Amino acid sequence: MDHREHMNSLNDTCNELKNQYDKCFNTWFSTKFLKGDTNDSMCASFYSVYQQCIKKAMKEHNIELHDAQINHLETDKEKMPQS
Amino acid sequence: MVKYYETSTIFQFNWEQVAQGFWRRYPNPHSSHVISEDTISREIKDGKLYSKRLLTKTNRVPKWGEKFIKHNNVKIIEESIVDPKEKTLTTYTRNLGYTKVMSVVEKVIYKASDENPQWTIAKRSAWIESSVFGFSRAIQAFGLERFKKNCIKMSNGFNYVLAHMFPLTAQMMNPSLSQMGFADKAGEPMIRLSHAAEDLQHSFQDKAEKMKDAAKKATDLAKQKAGSIQTVYASD
């Protein structure tokens, strides 16, 4: 293939953890979630170490964590057609 | 003032395939502007999967816009909800920061197509807004044009990824589309065009028609001249 196999993380130090988590998630999504199994413990350990890494990286990149974490979809912030 | 824009795209893959492809749509040969992608929250509520991803993309700004936007990278928050029972995937993306200069919000609902349940329709809505005094209209117009171009890139890239993930489905599709997935023919016209793509195509067609007309006129004129020269010669 003439292009990268995986997307990079915001910070290169999280790439490995991100790829491990994404791999687990994609398997879980296809083989469990879409088949009706909503137990998401399968990738929980990958998720938590990856989250520690990415949250730290976001702080280092001066990303407003609060603003990033606000939900818009399904809230009164969600824009409506023709608004 | 907000510019509102709507468009639909058909993917010749079923909803389950599109939902799986959604998480893997980057990288692809049309996504060189996407620099990073991270999941920053994920949970299951009422049997639905709620995710939030942070994407960073390069942001090409026209010369006149450089005084408003200095940083090259734009940060995007993508919220999504997958409802496996209703078979819908809803995504909602917004840029983080610079929202006064230009805010682009996009909502996409992916679900089975009414015309073919084995296909998926993506209904896309976009809101483009700017509050820069004196420049908001220019910025909005620029934002909309760029958005339309990105829609084409996005569906070409998504199709590429889907064709690689599901080669058997891709083989049954329109042959030229499945080929596109395997031999990256970037920028080639798609079989199923989004409205945005169609709009652009029409404008190209218009231009082509005008060019043809102009060429025809020029040829006619040349013929006339040649004719008159011939007549002159003939009369000699």
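Our subject is the structure listed above.
Residues numbered from 1 in each chain as written. Chains lettered and ligands numbered in written order. Predicted model: local features only at pLDDT ≥ 70, side-chain atom pairs only at ≥ 80, totals over all residues. Heavy atoms only, no water.

Draft legend 1. The overall build of chain B, seen in detail. Counting secondary structure elements, chain B contains five helices and seven strands. Scanning chain B from its N terminus toward the C terminus, one meets helices and strands in the order β-α-β-β-β-β-β-β-α-α-α-α. In chain B, buried positions account for 48% of the 236 residues. Taking contacts inside chain B between residues at least 6 apart in sequence as the whole, the part at least 24 apart equals 57%. As displayed, chain B offers around 12300 Å² of accessible surface, 55% of which is attributable to carbon and sulfur atoms. (Helix = DSSP H or I, 4+ residues; strand = E, 2+ residues; numbered from the N terminus. Buried < 20%, exposed > 50% of the residue type's maximum accessible area, 1.4 Å probe, protein only. Contact = heavy atoms within 4.5 Å. Areas by Shrake-Rupley, 256 points an atom, 1.4 Å probe, with all protein chains shown as cover.)

Draft legend 2. Broad picture of the overall build of chain A. Secondary structure assignment for chain A yields three helices and zero strands. If you list the helices and strands of chain A from N to C, you get α-α-α. Taking 83 residues into account, the globule formula puts the C-alpha radius of gyration at 12 Å, and chain A, at 16 Å, lies well above it. Counting only C-alpha atoms and orienting by the principal axes, one finds that chain A spans roughly 40 × 40 × 30 Å. Buried residues in chain A amount to 36% of all 83 residues. Considering only contacts within chain A whose residues lie at least 6 apart along the sequence, 44% involve residues at least 24 apart. (Rg over C-alpha atoms; globule rule 2.2 N^0.38 Å.)

Draft legend 3. Inspection of the state of the cysteines at higher detail. All names here are of chain A. Within the structure shown, the criterion is met by two disulfides over all chains. For Cys-14, the disulfide goes to Cys-53, at an S-S distance of 2.2 Å. One disulfide, between Cys-14 and Cys-53, carries an S-S torsion of -95 degrees and so falls in the left-handed class. Taken as a pair, Cys-14 in the segment before α1 (15-31) and Cys-53 in helix α2 (residues 44-60) lie far apart in primary sequence, 39 residues in all. You'll find Cys-14 and Cys-53 in the same group, each marked buried. Between the sulfur atoms of Cys-24 and its disulfide mate Cys-43 the distance is 2.1 Å. Around the S-S axis, the bridge from Cys-24 to Cys-43 shows a dihedral of about -90 degrees and counts as left-handed. With Cys-24 in helix α1 and Cys-43 in the loop between α1 and α2, the pair connects residues that are 19 residues apart, well separated along the chain. As far as burial versus exposure is concerned, Cys-24 and Cys-43 are alike and both buried. Should the bonded cysteines of chain A be numbered as they appear in the sequence, the pairing reads 1-4, 2-3. (Disulfide = S-S within 2.5 Å.)

Draft legend 4. Here's a closer look at the packing of helix α1 (residues 15-22) of chain B against helix α2 (residues 136-165) of chain B. Residues and elements named next belong to chain B. Contact geometry for α1 and α2: axes closest at 10 Å, N-to-C directions at 110 degrees. Between α1 and α2, the interaxial angle falls into the category roughly perpendicular. Of the two possible hands of crossing, α1 and α2 adopt the one that is right-handed. For the pair α1 and α2, the contacting residues are Gln-17, Val-18, Gln-20, Gly-21 and Phe-22 in the first and Phe-158, Val-161, Leu-162 and Met-165 in the second. Class assignment of the residues belonging to the contact of α1 with α2 gives a composition of six nonpolar, three polar and no charged. (Axes fitted to C-alpha atoms, helices over the stretch in contact; angles between N-to-C directions. Parallel < 35°, antiparallel > 145°, perpendicular 65-115°, else oblique. Left-handed = near helix turned anticlockwise from the far one by under 90°. Nonpolar A, V, L, I, M, F, W, Y, C, P; charged D, E, K, R; others polar.)

Draft legend 5. Examining the interface of chain A and chain B more closely. With 44 residues of chain A at the interface, the matching set in chain B holds 47 residues. Taken over both partners, the interface formed by chain A and chain B buries close to 3800 Å², and the fraction arising from carbon and sulfur atoms is 59%. Looking only at chain A, the three residues that lose the most surface to chain B are Met7(A), Leu73(A) and Lys79(A), adding up to 18% of its buried area. Between chain A and chain B we count four salt bridges in total. Here Asp67(A) ties to Arg94(B) by a salt bridge, and the two come within 3.7 Å at their closest N and O atoms. Linking chain A to chain B there are 23 residue pairs in polar contact (both at pLDDT 80 or more). The set of elements that each furnish at least two residues to the side of chain A that touches chain B consists of α1, α2 and α3 (65-69) of chain A. (Buried area = accessible area lost by both parts, 1.4 Å probe. Salt bridge = Lys/Arg side-chain N within 4 Å of Asp/Glu carboxyl O. Polar contact = N/O pair within 3.5 Å; in protein donor to acceptor, adjacent residues only side chain to side chain.)

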